[in-house]
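A look at the structure
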Amino acid sequence: MNTLVKSGGAWLVSSSLAVAALRKMRVAGFATSSSSSSSSSFPNWEGGVSMVQGASRGIGLEFVRQLLENSKKGYVVATCRNPKEATSLSDLKNRFSDRLFIQKLDVTDETTIQESAESVRERYGSLNLLINAAGILSIPGVLQPETTLNKVEKSSLMLTYEVNAVGPILVMKHMWPLLKAGGGSGTEREVAVVANLSARVGSIGDNRLGGWHSYRASKSALNQLTRNVSVELGRKKDPVVCILLHPGTVDTDLSRPFQRNVPEGKLFTREYSVQKLLHIINNAKKQDNGKFFAWDGQEIPW
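Once a new chain begins, its residue numbering starts again from 1 and follows that chain's sequence as written. Two thresholds apply to this predicted model, a pLDDT of at least 70 for residue-level local features and 80 or more for giving and counting side-chain atom pairs, whereas whole-chain, interface and lining totals are computed over all residues. Computation of side-chain values: all heavy atoms of the structure, hydrogens and water removed.

Under an unreviewed UniProt entry, the name given to the chain is Zerumbone synthase, and the source organism is Cardamine amara subsp. amara.

So, in structure tokens, the structure goes:
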């Protein structure tokens, strides 16, 4: 329900007090829009409300920074497992105290996902963008990419699948009503967008090198799950599109142990990659629903 009151009714301004109250709400971030993809009778957050899941570092943190710095409008919900330890997010909170809301969300614990959705519903009532950025490739002493079949372990497969595929689909499940309520309202898009960070190595058609069994398979699963959801939402005609994004090889903690074999000029900064990905997100159309894009806008085969 994209409304400030739990009755779900339309806004009716019939007195000077009501007019004054509406003005105050607009100052706080609300603005009505007749072009809303949900309902023009509901107030909309000017600039939209974005959620970045996995926002404490790397690409997720950079998404938060650019969403806040690129515009004076719009609100960002940044989620991570340990908000108290997310010092970089805290620094951004000091700069954008009115526009940034930091929240605990652990993709391996569905209770925290559900609680996060409820908190966003109570605070904003809707979402216009969901970016699932969290992912794992290696954990020292726990998980390493498998270069050969005899290095495959069940624990690695299950953990990688849980974080890279199960987590995002559960976040989509609980945030879907908020995205449906938000649509493109308050933004320049006609629809809300779910952007799941995948990887080219998750493409079955593009796989010519093999290896990295857990990571490849988890991203392939994410691709299929996202495609499934895109078909369902399209059938329901919800004002939401789901896309998959390959950010390229980005200089982050995730890729750092494996950067020595990256060709010259192919290791991107976080700033460059996120700038390219946001361009794709901001220009997403209904016909892009279910597509898989590389950082440069080119479609990737499944």
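Some remarks on the side chain of Arg-189
Going by this rule: A helix here means a DSSP run of H or I that spans at least four residues, while a strand means a run of E at least two residues long, and both kinds are numbered starting from the N terminus. Think of it in three bands: residues with accessible area under 20% of the maximum for their type are buried, residues over 50% are exposed, and the middle band is partly exposed, with areas taken using a 1.4 Å probe on protein chains only. Positive: Lys, Arg. Negative: Asp, Glu. His and the chain ends are not part of the count. Here, a salt bridge means any Lys or Arg side-chain nitrogen found within 4 Å of an Asp or Glu carboxyl oxygen. Definition of a polar contact: a pair of N or O atoms within 3.5 Å, with one able to donate and the other able to accept a hydrogen when the atoms are protein atoms, and with sequence-neighbouring residues admitted only if both atoms are side-chain atoms. Residue contacts follow a heavy-atom distance rule, with two residues in contact if any of their heavy atoms lie within 4.5 Å.
With respect to the helices and strands, the residue Arg-189 is situated in the loop between helix 5 (154-182) and strand 7 (192-197). No salt bridge is formed by the buried Arg-189. Its closest oppositely charged neighbour is Glu-188, at 8.5 Å. Within the local environment of Arg-189, its side chain forms a polar contact with the backbone oxygen of Asn-128, the two atoms lying 2.8 Å apart. Other than its neighbours up to four places away in sequence, Arg-189 contacts Asn-128, Leu-129, Gly-184, Ile-281, Asn-282 and Ala-284.

Details of the layout of surface pockets
We count it as follows: Definitions used for this entry: grid spacing 1 Å over protein atoms alone; cavity, a set of points where a 1.4 Å probe fits but cannot get out; pocket, an open set with protein on both sides within 12 Å along at least 5 of 7 lines; lining residue, one with an atom within 4 Å of a point. Grid points are joined across faces, edges and corners, and a volume is the space filled by probe spheres set on the points. Lys, Arg, Asp and Glu make up the charged group, whereas Ala, Val, Leu, Ile, Met, Phe, Trp, Tyr, Cys and Pro make up the nonpolar group; the residues left over, Gly among them, are polar.
There is about 580 Å³ of room inside the second largest pocket. Together, 22 residues line the second largest pocket, and Gly-47, Ser-71, Thr-187, Glu-188 and Asn-282 are the ones closest to its centre. Put simply, the parts of the chain that give the lining of the second largest pocket at least two residues each are strand 3 (49-53), helix 2 (58-69), strand 4 (75-80) and helix 7 (270-282). Of the residues that constitute the lining of the second largest pocket, the class distribution is six nonpolar, 12 polar and four charged.

Digging into the pairing of strand 8 (residues 240-246)
Rule in force here: For two strands to count as paired, DSSP must find a minimum of two bridges between them. Assignment of crossover handedness uses the view with strands pointing away from the viewer, where a clockwise path from the first strand over the helix to the second indicates a right-handed crossover.
With seven of its seven residues buried, strand 8 lies for the most part within the structure. Neither face of strand 8 is exposed, since Val-240, Cys-242, Leu-244 and His-246 on one face and Val-241, Ile-243 and Leu-245 on the opposite face are all buried. Here strand 7 pairs with strand 8 via six bridges, running parallel. Each residue of the ladder has a partner; that of Val-194, found in strand 8, is Cys-242. Read as a crossover between parallel neighbours, the route from strand 7 over helix 6 (residues 213-236) to strand 8 is right-handed. As paired elements, strand 8 and strand 11 (residues 292-294) share three bridges and run parallel to each other. From the neighbouring strand, Leu-245 faces strand 11, where its bridge partner is Phe-293.

Topic: the side chain of Gln-103
Within the element layout of this structure, Gln-103 appears in strand 5 (residues 100-104). Within polar-contact distance, the side chain of Gln-103 engages the side chain of Ser-119 at 2.7 Å. Residues within four places of Gln-103 in sequence aside, it is in contact with Met-51, Val-77, Ala-78, Thr-79, Cys-80, Pro-83, Glu-115, Ser-116, Ser-119 and Val-120.

Quick look at the pairing of strand 7
Among the six residues in strand 7, six count as buried, and that is most of the element. Judged by which residues are buried, strand 7 turns out to be covered on both faces: Ala-192, Val-194 and Asn-196 on one side and Val-193, Ala-195 and Leu-197 on the other are all buried. Of the pairings in the sheet, the one linking strand 6 (residues 129-132) to strand 7 comprises four bridges and is parallel in character. Paired with Leu-129 across the bridge in strand 7 is Val-193.

Considering the pattern of salt bridges
This model, assessed by the stated rule, comprises 11 salt bridges. Its salt-bridge partner being Glu-62, residue Arg-65 comes within 2.4 Å of it at the nearest N-O pair. Here the residue Arg-65 and the residue Glu-62 both occupy positions in helix 2, the gap between them amounting to three residues, near one helical turn. Here Arg-65 and Glu-69 are joined by a salt bridge, their closest N and O atoms 2.3 Å apart. Of this pair, Arg-65 and Glu-69 both sit in helix 2, separated by four residues, roughly a single helical turn. Residue classification places Glu-69 among the partly exposed residues on the basis of a relative accessible area of 33%. Several salt bridges converge on common partners, so that one network encompasses Glu-62, Arg-65, Glu-69 and Arg-95.

Points about the packing of aromatic side chains
Spelled out, the test is: Pairing of aromatic side chains requires ring centres within 6.5 Å, counting the rings of Phe and Tyr and the six-membered ring of Trp. Pairs whose planes differ by under 30 degrees are stacked, by over 60 edge-to-face, and all others tilted. Consider the ring centre and the ring normal. A charge sits over the ring if Lys NZ or Arg CZ is within 6 Å of that centre and within 35 degrees of that normal.
Scanning all chains against the criterion turns up eight aromatic pairs. Between the aromatic rings of Trp-212 and Tyr-215, the centroid separation amounts to 6.4 Å while the plane-to-plane angle is 70 degrees, which identifies the pairing as edge-to-face. Ring pairs connect the aromatic residues Trp-45, Tyr-75 and Tyr-124, which therefore count as one cluster. Between Arg-123 and the ring centre of Phe-101, over which it is positioned, the NZ or CZ distance is 4.0 Å.

Focus: unusual backbone geometry
Only a minority of non-glycine residues have a phi that is not negative, and only a minority of peptide bonds are not trans. Positioned with a positive phi, Trp-212 is a non-glycine residue whose angle comes to about 55 degrees. Trp-212 sits in the partly exposed class, given a relative accessible area of 27%. One non-glycine residue with positive phi stands out, namely Lys-237, at about 60 degrees. Among the secondary structure elements, Lys-237 is positioned in the loop between helix 6 and strand 8. In this structure Lys-237 comes out as exposed when scored by relative accessible area, which is 71%.

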